[in-house]
Structure formats: C-alpha cells, structure tokens
Amino acid sequence: MGVSDFNLSGEQKRNIEHFASVVRLAMADNVITEGEEKLLKRLANRFHILEEKYKEILKNPSEYSTHTPHNYNERIEHLYDLGKMVYADENVSGDEAKVLRSICVGLGFPLNNVEKVVDETIHLILNNNDLEDFTKAIKYVNRI
C-alpha cells in the first residue's frame, strides 16, 4: 500500500480492497487472460481506480486486505463481481474455486455454507444470471 493510500476516503479504500480481491482471484492460475483483463479494466473504471493504482494492485494484490461489507447485499454484490472474474476466461479452474472459497469466508459467509455458496455462485455465473437474480438465489442458498 502506497503513501497516497492514507488520504483515501473510506469508499475509495473499500473499492480498492475489493478490486484487489478480484485481482487475486484472476491471478489464482498465475495468468490474466484477455477476458479477465477486460473485466478488470471495466471494474477499475467502475471503481474510479487510476492507471497507476491499477498497475500497483496488479503487481501485488496481496498487499491489500479483504474488505468485508457490513451490508449483506453489498457482500452479495462483491461475490457477484468475484464470480464474474472466475468465469471471465470461460473456464473455472480448481485454483480459482479455492481462492473464491477463501474470499467467501473473508466476506463473512458462514464456514458451514461456503461450499454451497461457491457452487451456486459458479452455477449462476455460468448461466449468465444478472445481479438481481444472483442476489435472490444466493439469499435462498444462504438464508440468514
């Protein structure tokens, strides 16, 4: 984390931490494919991450902690972004699924239900569900 990170607003910091989680997932197989790069660029734009910060995060995403939103809907939205990254290269590797499970725990999903949540996430993304349908299905699988 650079010195400039100390002057970030809370929202900017959370966006960077979430983006770094997505980058960690993209790098789970040690390769960022063209599809993953397109998604990363789109997310960086959505989160207002400048090119210099983008490159810094790509270089060392593990330098950033995983942000766990307090709001359940935000956690599901983060999971949706992560699920999109898993399938950005149109292939779900075992390493990516493993990283996704670990990030799910970091997002606050219960340990005893992480497998179901990850399986459902992958299934929903493979079937091209939008965020609204994704949210409904995850809430059904992970009732709180």
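Further up the page is the structure itself.
Everything quoted here is computed from the prediction, not taken from an experiment. (Residues numbered from 1 in each chain as written. Predicted model: local features only at pLDDT ≥ 70, side-chain atom pairs only at ≥ 80, totals over all residues. Heavy atoms only, no water.)

A. Seen up close, the overall build of the protein. A count of helical and extended segments in the protein gives seven helices and zero strands. Each helix and strand of the protein, placed in order from N terminus to C terminus, yields the pattern α-α-α-α-α-α-α. Computed over the C-alpha atoms, the radius of gyration of the protein is 14 Å, within 12% of the 15 Å expected from 2.2 N^0.38 for a compact globule of 144 residues. Counting over 144 residues, the protein shows a buried share of 43%. Summarising the internal contacts of the protein: among those between residues at least 6 apart in sequence, 71% fall at separations of at least 24. Of the roughly 8100 Å² of accessible surface on the protein, a fraction of 49% belongs to carbon and sulfur atoms. (Helix = DSSP H or I, 4+ residues; strand = E, 2+ residues; numbered from the N terminus. Rg over C-alpha atoms; globule rule 2.2 N^0.38 Å. Buried < 20%, exposed > 50% of the residue type's maximum accessible area, 1.4 Å probe, protein only. Contact = heavy atoms within 4.5 Å. Areas by Shrake-Rupley, 256 points an atom, 1.4 Å probe, with all protein chains shown as cover.)

B. Structural view of the pattern of salt bridges. Under the defined criterion, the tally for this structure stands at seven salt bridges. Measuring nitrogen to oxygen at the nearest pair gives 3.0 Å for the salt bridge that ties E56 to K53. Separated by three residues within a single helix, E56 and K53 lie in helix α3 (residues 51-59), roughly one turn from each other. Judged by its relative accessible area of 11%, K53 is buried. One salt bridge connects K136 with E132, and the closest N-O pair in it is separated by 3.5 Å. With K136 and E132 both in helix α7 (residues 131-141) and four residues apart, this pair spans about one turn of that helix. Side by side, K136 and E132 carry an identical accessibility label, which is exposed. One network of salt bridges, in which partners are shared, links R46, E77 and D81. (Salt bridge = Lys/Arg side-chain N within 4 Å of Asp/Glu carboxyl O.)

C. Structural context of the packing of helix α4 (residues 72-86) against helix α6 (residues 114-126). Interhelical geometry of α4 versus α6 gives an angle of 65 degrees and a closest axis separation of 9 Å. Seen along the crossing, α4 lies across α6 with a hand that is right-handed. Contact residues: L79, Y80, G83 and K84 in α4; V117, T121 and I125 in α6. Tallied by class, the residues present in the contact of α4 with α6 amount to four nonpolar, two polar and one charged. (Axes fitted to C-alpha atoms, helices over the stretch in contact; angles between N-to-C directions. Left-handed = near helix turned anticlockwise from the far one by under 90°. Nonpolar A, V, L, I, M, F, W, Y, C, P; charged D, E, K, R; others polar.)

D. Structural view of unusual backbone geometry. Phi angles above zero are rare outside glycine, and H48 is one such case at about 60 degrees. Inspection of the secondary structure assignment puts H48 in the loop between α2 (34-46) and α3. We note that N128 has phi near 60 degrees; this positive angle belongs to a residue other than glycine. By the element assignment, N128 lies in the loop between α6 and α7. With relative accessibility at 60%, the residue N128 sits in the exposed group.

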